[in-house]
Amino acid sequence: MRKIGLIGGMSWHSTEFYYRRINKQVQRRANMMCSAPMILDNLNFCDIAKATTEQDWDHVANVLINSAKHLEDCGATAILIGANSMHKVHDRVSEAVKVPVLHIADAVGRKMKADGVESAALIGTRNVMAESWYRQRLVKHGVTLLPWEADDVEELDRIIYEELMAGQVVRNSERALKTMITEIDKDGADAVVLGCTELGMIVDTKANVLPIYDSAEIHADAGVDWIFGDAP
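Residues numbered from 1 in each chain as written. Predicted model: local features only at pLDDT ≥ 70, side-chain atom pairs only at ≥ 80, totals over all residues. Heavy atoms only, no water.

1. Observations concerning the nonpolar core
(1) Moving on: Counting 49 residues, the largest nonpolar core has Ile7, Met10, Ile48, Leu64, Met86, Ile123 and Leu199 as the members making the most contacts within it.
(2) Moving on: Looking at this core, the elements with two or more residues in it are helix H2 (54-73), strand S3 (79-81), strand S5 (119-124), helix H7 (150-162), helix H8 (171-186) and strand S7 (191-195).
(3) Moving on: No other element matches H2, which puts eight residues into this core.
(4) Moving on: The residues contacting Ile48, other than those within four sequence positions of it, are Met10, Leu43, His59, Val60, Val63, Leu64 and Met86.
(5) Moving on: Ranked by size, the runner-up nonpolar core spans 34 residues in total, among them Leu6, Leu80, Ala105 and Ala107. (Core = buried A, V, L, I, M, F, W, Y, C linked by side-chain atoms within 4.5 Å. Buried < 20%, exposed > 50% of the residue type's maximum accessible area, 1.4 Å probe, protein only. Helix = DSSP H or I, 4+ residues; strand = E, 2+ residues; numbered from the N terminus. Contact = heavy atoms within 4.5 Å.)

This is how it looks when you write it as structure tokens:
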């Protein structure tokens, strides 16, 4: 098995999910005594969480580049950035190391293409939903994305940063997400992409009106494929 590196702490709740998912999948595919060969660098998210300006994102890039170089030096043969929003600086991080940095949107896009999904709605933080860098990465895999709604962006940003990042699952917010997904279904989407690694805390990915593509789960599984040498 190949060793993988995980840049985590963004937030630690989703990092916990990555760690558990990767280890469980390795155990399932190998045997019950196996654990994933994995190195985790758990960042202090409060230092980078609310980046908005170009200067802020330069700082984020430097933090993630330093983390990726550290993981590479420690023997990681590939790296996962455990947050959708932080993939805004993916290309800069990837250029700074010699090992591959597995892009979360590529993992999601490949799975949707394999499943025959033609149209989807992307929900997540403001920069994931409303900016082009993430959406274009998904579209390259042949999926059409529904336009984003300004009210949804505001509500999702509030839920993610004020509740989920603190580990809080609020019933009213669960209802709001169910209503949002029902409206997306009415708009004709084939599926919904959870473009935030914490949204699986509040959205039932297995029983919903539409197929749910949980980016955290799919990205973690892509890491497992790399560990076993099955990555594309």
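2. Regarding the pattern of salt bridges
Where charged atoms from two side chains of opposite charge approach closely, those side chains can pair.
(1) Moving on: Per the counting criterion, the structure on display carries 16 salt bridges.
(2) Moving on: Measuring nitrogen to oxygen at the nearest pair gives 3.7 Å for the salt bridge that ties Lys111 to Asp115. Placement of both Lys111 and Asp115 in helix H4 (residues 104-115) is noted, with a separation of four residues, approximately one turn of the helix.
(3) Moving on: What makes Asp115 partly exposed here is its relative accessible area of 43%.
(4) Moving on: Ionic contacts of the salt-bridge type, sharing partners, join the residues Arg21, Lys206, Glu217 and Asp221 into one network. (Salt bridge = Lys/Arg side-chain N within 4 Å of Asp/Glu carboxyl O.)

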